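A structural walkthrough
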Amino acid sequence: MSSGRTRGIILHVSDHGEADKIITLYSPDLGRVTGIAKGAKRSKKRFVNKLEEFSLLQIIYRPARGDGLFILSEADLENAYLSIRTHYDRYVVAMYAGELALRFTREHDPDPEIFSLLAWTMQELTEERDPLAVAAFFHLRLLGAAGYEPQLARCGLCNAPVENGRDFALHVGRGTLVCARCLNEQREAVLPFSMQTLKFLQHAQHADLKNLTRLRLSRNNALEALRILHRYTQHLLQHDIHAWSQVRKLAGAQTPDSPSA
Ligand SMILES: [Zn+2]
């Protein structure tokens, strides 16, 4: 990593020793990278109120020796997305998106689409948008960008297209739909879709981000989509998404895949 200037959305911040902070950010040209802001806890001038999770920064950095961390020399705030910090539901969804982005990306593996998706998500959360719908769209599109797009056009076993009058579920192990007819033969985990949610996700999977902004997904459909995407993701990662329990609580939902809390 050489010296340079870039933009990035902060995914994680932690204190380091007496004076420093460690930040992980997602940049369109560097991907996910982690650096150290020396003196960030003391220096009021250079970094104050800038190194907050989910903020979009313009930074100047230089390489560090040895451990792969970069050194954050300067940071300018491009967008603090302030209302994420003052609305609990927006904050929870930002945490969910940040955690998924950390899990589905590798260091120094830039994908401008993932950066755009993160920036879209933080911007949408500051608008009057249902955070659960934003979470569902982010999750779906991140899976696509990371190479795990669920195949939602037709039954993955008999090839029957999605149409009314037939029920469909997501086959978690395959990442494809299965139709009701094939469903009877499946003993593995499947998650049933309502036709409305399924049609929404099909549309959202390939829409431009600016058109995605206009899609209105109801709270129930958003929650249904999230439950399915979350289970699919658990299967892919073999790991829990910690922010999920808070996302689920936002909807006041008791879901079968989560013990009641
Ligand atoms: Zn089928």
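Cut-off values and rules
Residues numbered from 1 in each chain as written. Predicted model: local features only at pLDDT ≥ 70, side-chain atom pairs only at ≥ 80, totals over all residues. Heavy atoms only, no water. Phe/Tyr/Trp six-rings, centres within 6.5 Å; stacked < 30°, edge-to-face > 60°. Buried < 20%, exposed > 50% of the residue type's maximum accessible area, 1.4 Å probe, protein only. Helix = DSSP H or I, 4+ residues; strand = E, 2+ residues; numbered from the N terminus. Donors = N, O, S within 2.8 Å, 3.2 Å for Na, K, Ca; no water. Tetrahedral: all angles 85-135°; square planar, octahedral: opposite > 155°, others 65-115°. Core = buried A, V, L, I, M, F, W, Y, C linked by side-chain atoms within 4.5 Å. Domains from an automatic or database assignment. Salt bridge = Lys/Arg side-chain N within 4 Å of Asp/Glu carboxyl O. Contact = heavy atoms within 4.5 Å. Buried area = accessible area lost by both parts, 1.4 Å probe. Polar contact = N/O pair within 3.5 Å; in protein donor to acceptor, adjacent residues only side chain to side chain. Nonpolar A, V, L, I, M, F, W, Y, C, P; charged D, E, K, R; others polar.

1. Considering the packing of aromatic side chains
Across all of its chains, the model carries four aromatic pairs by this definition. Note on Tyr-61 and Phe-70: the rings are 5.8 Å apart at their centroids and 65 degrees apart in plane angle, and the pair reads as edge-to-face. Assigned by exposure class, Tyr-61 and Phe-70 land together as buried. Relative to Tyr-148, the ring of Phe-104 lies with its centre 5.8 Å away and its plane at 55 degrees, an arrangement referred to as tilted. Placement of Phe-104 in helix α3 (residues 88-104) and of Tyr-148 in the loop between α5 (131-145) and β6 (151-155) is noted, with a sequence separation of 44 residues between them. For Phe-104, a relative accessible area of 11% puts it in the buried group.

2. What about the coordination of the zinc ion?
Ideal donor angles around a metal are set by the shape: a four-donor tetrahedron calls for 109.5 degrees, a six-donor octahedron for 90 or 180 degrees. The coordination sphere of the zinc ion contains the protein donors Cys-155 (SG), Cys-158 (SG), Cys-179 (SG) and Cys-182 (SG), at a distance range of 2.3 to 2.4 Å. Geometry at the zinc ion is tetrahedral, judged from the four donor atoms that bind it and their angles of 107 to 117 degrees at the metal. In primary sequence terms, the donor set of the zinc ion follows C-x2-C-x20-C-x2-C. Taken as a pair, Cys-179 and Cys-182 share a single burial class, namely buried.

3. A short note on the nonpolar core
If you look at the biggest cluster of nonpolar residues, it comprises 68 residues, and the most contacted ones within it are Tyr-96, Leu-118, Met-122, Leu-152, Phe-168, Phe-193 and Leu-226. Sort the elements by how many residues they give to this core and α5 lands first, with 11 residues. Composition of this core by domain shows at least three residues from each of domain 1 (4-80) and domain 2 (83-250). Ile-23, Leu-30, Leu-57 and Tyr-61 belong to the second-largest nonpolar core, a separate cluster that totals 16 residues.

4. Details of the pattern of salt bridges
Evaluated as defined, the whole model comprises seven salt bridges. With a closest N to O distance of 3.3 Å, Lys-210 and Asp-208 form a salt bridge. On the basis of relative accessible area, Asp-208 is assigned to the partly exposed category, the value being 43%.

5. Some details on the domain arrangement of the chain
Parsing the chain into structural domains produces domain 1 (4-80) and domain 2 (83-250). Here the C-alpha centroids of domain 1 and domain 2 sit 29 Å apart. Each partner contributes residues to the interface: domain 1 has 22 residues there, and domain 2 has 22 residues. Here domain 1 meets domain 2 over a buried area of about 1800 Å², counting both sides, of which 62% is carbon and sulfur. When residues of domain 1 are sorted by the area they lose upon contact with domain 2, Tyr-26, Arg-32 and Phe-54 head the list and together hold 44% of the total. Our count for the domain 1 to domain 2 interface comes out at zero salt bridges. One can count seven residue pairs in polar contact (both at pLDDT 80 or more) joining domain 1 with domain 2. Listed by contribution, the elements that provide at least two residues to the side of domain 1 that touches domain 2 are β1 (4-16), β2 (20-27) and β3 (31-37). Residues belonging to the side of domain 1 that touches domain 2 are distributed by class as follows: nine nonpolar, eight polar and five charged.

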